[in-house]
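Structure assessment
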Amino acid sequence: QVQLVESGGGLVQAGGSLRLSCAASGSIRRINAMGWYRQAPGKQRELVAHITRGGSTDYADSVKGRFTISRDNAKNTMYLQMNSLKPEDTAVYYCNGDIMETFSSVGFDYWGQGTQVTVSS
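Residues numbered from 1 in each chain as written. Predicted model: local features only at pLDDT ≥ 70, side-chain atom pairs only at ≥ 80, totals over all residues. Heavy atoms only, no water.

1. Observations regarding the pattern of salt bridges
Note the threshold: We define a salt bridge as a side-chain nitrogen of Lys or Arg found within 4 Å of a carboxyl oxygen belonging to Asp or Glu. Relative accessibility under 20% of the residue-type maximum defines a buried residue, over 50% an exposed one, and the middle range a partly exposed one, all with a 1.4 Å probe and only protein chains included. Strands here are runs of E lasting at least two residues and helices are runs of H or I lasting at least four, both read from the DSSP assignment and numbered beginning at the N terminus.
Applying the stated criterion across every chain yields a total of 3 salt bridges. A salt bridge links Glu46 to Arg38; its shortest N-O distance comes to 2.8 Å. For Glu46, a relative accessible area of 35% puts it in the partly exposed group. Here Arg38 falls in the buried class, since its relative accessible area comes to 6%. A salt bridge links Asp89 to Arg38, with the shortest nitrogen-to-oxygen separation between them at 2.9 Å. Note that Asp89 is positioned in the loop between β8 (77-82) and β9 (91-101) and Arg38 in strand β4 (residues 28-39), a separation of 51 residues in sequence. Both residues of the pair, Asp89 and Arg38, belong to the buried class. Among the charged side chains, a salt-bridge network with shared partners connects Arg38, Glu46, Arg66 and Asp89.

Given below as C-alpha cells:
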C-alpha cells in the first residue's frame, strides 16, 4: 500500500516562512508528477504548485515568487518552501502524487492527509 504523509505545518506570523515535506512510502516503483494543493474553510481545494519528475514547475499566481516546490526522487520526498507568508495562505495543505506501484505500469493518484498552515496577521 502506498501512502503520502505531509509534515512541517504550523502557526507562523505574517512575513515568516515554513517548509512543508511530503514523504511517500510503500510499494513504489516510481513517482511521476507531484503537487501541493490547499483548501481553506468553505473554499474549493486549489492547486498551489506542481512539479514533474524531471523538475519542471508551475505555481498558482497567488504564490509565485514566494513559494518554491522541489523534490528528491531518491528519497521519494517532495518539499514546499513557503516564504513571505500572508494570512490568506492559511489552509490545510495536501500532497498529491501520480505514483506507479512496484508491479504496475500505470500510475495512480494518491493524496496525503493534509497539514495545517496558519498565518497570523
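2. Concerning the state of the cysteines
Put simply, the rule reads: When the sulfur atoms of two cysteines come within 2.5 Å, that pair is taken as a disulfide.
The full count for this structure, using the stated rule, is 1 disulfide. Across the disulfide from Cys22 sits Cys95; the S-S distance is 1.8 Å. Across the S-S bond linking Cys22 and Cys95, the dihedral sits near -70 degrees, which makes this disulfide left-handed. With a gap of 73 residues between them, Cys22 in strand β3 (residues 18-25) and Cys95 in strand β9 connect regions that are remote in the sequence. For the pair formed by Cys22 and Cys95, the shared burial category is buried.

3. Digging into the sheet that holds β3
To keep things clear, this is the line we draw: Following DSSP output, two strands are said to pair if at least two bridges run between them. Helix axes are fitted to C-alpha atoms over the stretch in contact, other axes to C-alpha atoms as well, and angles between N-to-C directions run from 0 to 180 degrees.
As summarised here, the arrangement of the 4 strands in space is β1-β3-β8-β7, forming an open sheet in which the pairing is antiparallel. Here the strands that pair on one side only, and so sit at the sheet edges, are β1 (3-7) and β7 (67-72). The mean inter-strand angle of the sheet, taken between neighbouring strand axes irrespective of direction, is 15 degrees. As paired elements, β1 and β3 share 5 bridges and run antiparallel to each other. What sits directly across from Leu4, in β3, is Ala24.

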